[in-house]
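Coordinate inspection notes
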There are 2 protein chains.
Amino acid sequence: MKLQLQIKMNEALFLRIPEGSELGKKIIKHSIQLIYKNGFEAFTFKKLAEDIGTTEAGVYRYFENKHKLLIYLTSWYWGWVEFQISFHTNNIKDPVVKLKSVIKLLAATIEDDKQTSYVNEGLLHQIVIAEGSKAYLTKQVGEDNKQQFFKPYKDLCAVIGNIILECSPKYKYPKSLASTIIEMAHYQNFFMYNLPSLTDFGKTKEEKEIIAFLNDLVFSSIKKG
Amino acid sequence: MKLQLQIKMNEALFLRIPEGSELGKKIIKHSIQLIYKNGFEAFTFKKLAEDIGTTEAGVYRYFENKHKLLIYLTSWYWGWVEFQISFHTNNIKDPVVKLKSVIKLLAATIEDDKQTSYVNEGLLHQIVIAEGSKAYLTKQVGEDNKQQFFKPYKDLCAVIGNIILECSPKYKYPKSLASTIIEMAHYQNFFMYNLPSLTDFGKTKEEKEIIAFLNDLVFSSIKKG
DNA sequence: TTGATATTGATAGCTTTGCTATCATAAATA
DNA sequence: TATTTATGATAGCAAAGCTATCAATATCAA
């Protein structure tokens, strides 16, 4: 039996369901490749269309603009991460062990899992590191938020916040600590490779060290309370 | 006597010294206002020129493109913050008190200081919160870094890292903790106002709480070591 | 005071990006 | 077989992003 992981997406993000057609899946697949390769600023629907072998108008039938596509991709990623977390921490009782495996999942490189043929999770992870915050660092963040575009991110943050509370019921900042873990798992990675003097891992460039840093940060914060 | 604070800027960021002419200062002043008002994506040199009362070509004589202008503004800001830190912690012996005042400086709203007529530090602070990371989250980050464009940010990070080491000489992650403080001082602010469920401050929207969170985070991490 | 130099204004023009519209064709479905 | 539905092909237009040119001032040095 072949299970296909399906992540429920906000319908206001697209005009036509990308998962529902070959062209739609190609749009997802090739946009991940192109944004990974050239960055979000240089990415255009024209180039994407050429890469796929369709026309610009063809892409516009699926997504209104590249901003919505970026939100789509990052949302998909956060949904996928939340699934990974629930999958990997399913049978773990100890919340401390759970939280450690969450940190590891967020900070470690992702191998392309073959369950989702048109999404390369490894590349998508890199995209979310380098471009993810551009999804919400905009003037439309308020309207986008009203349309629930950031629900997957917020859900993930809530899940992690709850694990933190399981570890330390009296800790005062579970949600802020959760968003700090998520953002820093990515930023320390970006800094390590691109602006290494902003980290302590510039020499070795080992993700293990980011994980150790985050574990130290998180558990010294929540233990004492 | 009137002292004019001058922040030394990387010369590769501009074509003509903005501080050196009326038009140049207007470019700085009005770009801060426009980016604050409409966001960096909607900001163009054409609109800036109209706002100032000059022409597009006039702006291009000072800055190659809006990306360099953004780096200029954020660099100026980091330089200014570093000055504020050295000014305010000048006579403080206790590194713990010093670190606390650094956190406060980073996380608290800034009053427009009148020493710099053409820079509104309050608006610039908001710009750095919402747009600052776009200065380095690009494909050119490597080249930009080679040209030392991020030196002010890195210098600030080093200063804070050293204060952390003064507090706790054996702490293993001074630079990563420093960049975490800087980024989170800004991100928690952005989240609090725009995506409040990612923080624990959505109800009160008080900067004091962000400061308390960061103090808790930082001092529980470095104390135990 | 004259001449050289630097700064700004005015205008033009060109490529790319971002987006919409229309029509024909092929494929799926009822 | 009729009819939706998805795609391809093409056109077109406004805005963004950038470069070039020439004239009018202002500044500074000889």
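Refer to the preceding data block for the structure.
These figures come from a predicted structure and were not determined experimentally.

The number of helices and strands found in chain A is 10 helices and 0 strands. In terms of overall size, chain A behaves like a compact globule, its C-alpha atoms giving a radius of gyration of 18 Å where 225 residues would be expected to give roughly 17 Å. Along the three orthogonal principal directions, the C-alpha set of chain A runs to about 60 × 40 × 40 Å. The 225 residues of chain A split such that 44% are buried. Looking at chain A alone, contacts between residues at least 24 apart form 64% of all its contacts between residues at least 6 apart.

The transformation that overlays chain B on chain A combines an axial shift of 0.0 Å with a rotation of 180°, and the residual RMSD is 0.0 Å. On this basis, the relationship between the two copies can be described by a two-fold rotation axis. Closest to the rotation axis within chain B is the C-alpha of Ser220 of chain B, separated from it by 2.8 Å. Here 100% of the contact residues of chain B are again contact residues in chain A; the copies associate through an equivalent surface.

With that settled, the discussion passes to helix α8 (residues 151-167) of chain A. Because each turn of an α-helix spans 3.6 residues, side chains separated by three or four positions end up pointing in the same direction. Compared with the 24 Å implied by 1.5 Å per residue over 17 residues, the 24 Å span of α8 of chain A between its first and last C-alpha is a close match. Listed as buried for α8 of chain A are Pro152, Tyr153, Leu156, Cys157, Ile160, Gly161, Ile163, Ile164 and Cys167 of chain A.

Lining the immediate surroundings of DNA strand D are 15 residues, of which Ser21, Leu23 and Thr54 of chain A together with Ala57 and Asn65 of chain B lie closest. Of all the elements in the fold, those that place two or more residues in the surface near DNA strand D are α1 (22-38) and α3 (56-60) of chain A together with α3 (56-60) of chain B. Top element by residues in the surface near DNA strand D is α3 of chain B. It accounts for 3 residues.

A few words now on the interface of chain B and chain A. Residue-level contacts link 42 residues of chain B with 42 residues of chain A. Mapped by element, the contributors of at least two residues to the side of chain B that touches chain A are α6 (121-131), α7 (141-146), α8 (151-167), α9 (174-194) and α10 (207-224) of chain B. With 11 residues, α9 of chain B is the largest single contributor of residues to the side of chain B that touches chain A.

On to the protein's contact with DNA strand C, then. In the region of DNA strand C, 14 residues are neighbours, and Ala57 and Asn65 of chain A together with Ser21, Leu23 and Thr54 of chain B sit closest. Only α3 of chain A together with α1 (22-38) and α3 of chain B provide two or more residues apiece to the surface near DNA strand C. Taken together, the residues of the surface near DNA strand C break down into 4 nonpolar, 6 polar and 4 charged.

Residues and elements named next belong to chain A. Contact pair helix α4 (residues 66-88) / helix α5 (residues 95-107): the axes reach a minimum separation of 10 Å and the direction vectors enclose 145°. You can see that α4 and α5 cross each other, and the crossing is right-handed. The segment α4 lies against α5, with Val81, Gln84, Ile85 and His88 engaging Ser101, Val102 and Leu105. Taken together, the residues that form the contact of α4 with α5 break down as 4 nonpolar, 3 polar and no charged.

Judged by nonpolar contacts, the single largest core of 126 residues is most densely connected at Ile181 and Leu214 of chain A together with Ile181 and Leu214 of chain B. Once residues within four sequence positions are removed from consideration, Leu214 of chain A is found in contact with Ile103, Ala107, Ile181, Met184 and Ala185 of chain A.

All names here are of chain A. Packing of helix α6 (residues 121-131) against helix α9 (residues 174-194) brings their axes to within 9 Å, and their N-to-C directions diverge by 90°. Taken together, the axis directions place α6 and α9 in an arrangement best described as roughly perpendicular. Residue-level inspection shows Val128, Ile129 and Ala130 of α6 in contact with α9, the latter providing His186, Asn189 and Phe190. Across the contact of α6 with α9, the residue classes tally to 4 nonpolar, 2 polar and no charged.

With that settled, consider unusual backbone geometry. All names here are of chain A. Even without being a glycine, Gln148 presents a positive backbone phi close to 70°. For Gln148, the position within the fold is in the loop between α7 (141-146) and α8. Residue class for Gln148 comes out partly exposed when judged on the 13 C-beta atoms lying within 10 Å of it.

Conventions adopted
- Residues numbered from 1 in each chain as written.
- Chains lettered and ligands numbered in written order.
- Predicted model: local features only at pLDDT ≥ 70, side-chain atom pairs only at ≥ 80, totals over all residues.
- Helix = DSSP H or I, 4+ residues; strand = E, 2+ residues; numbered from the N terminus.
- Rg over C-alpha atoms; globule rule 2.2 N^0.38 Å.
- Buried ≥ 20, exposed ≤ 12 C-beta atoms within 10 Å, placed from the backbone.
- Contact = placed C-beta atoms within 7 Å.
- Least-squares fit on C-alpha atoms with pLDDT ≥ 70 in both.
- Expected span 1.5 Å × (residues − 1).
- Near = placed C-beta within 6 Å.
- Nonpolar A, V, L, I, M, F, W, Y, C, P; charged D, E, K, R; others polar.
- Axes fitted to C-alpha atoms, helices over the stretch in contact; angles between N-to-C directions.
- Left-handed = near helix turned anticlockwise from the far one by under 90°.
- Core = buried A, V, L, I, M, F, W, Y, C linked by C-beta atoms within 7 Å.
- Parallel < 35°, antiparallel > 145°, perpendicular 65-115°, else oblique.

All we've got here are geometric facts, nothing functional implied.
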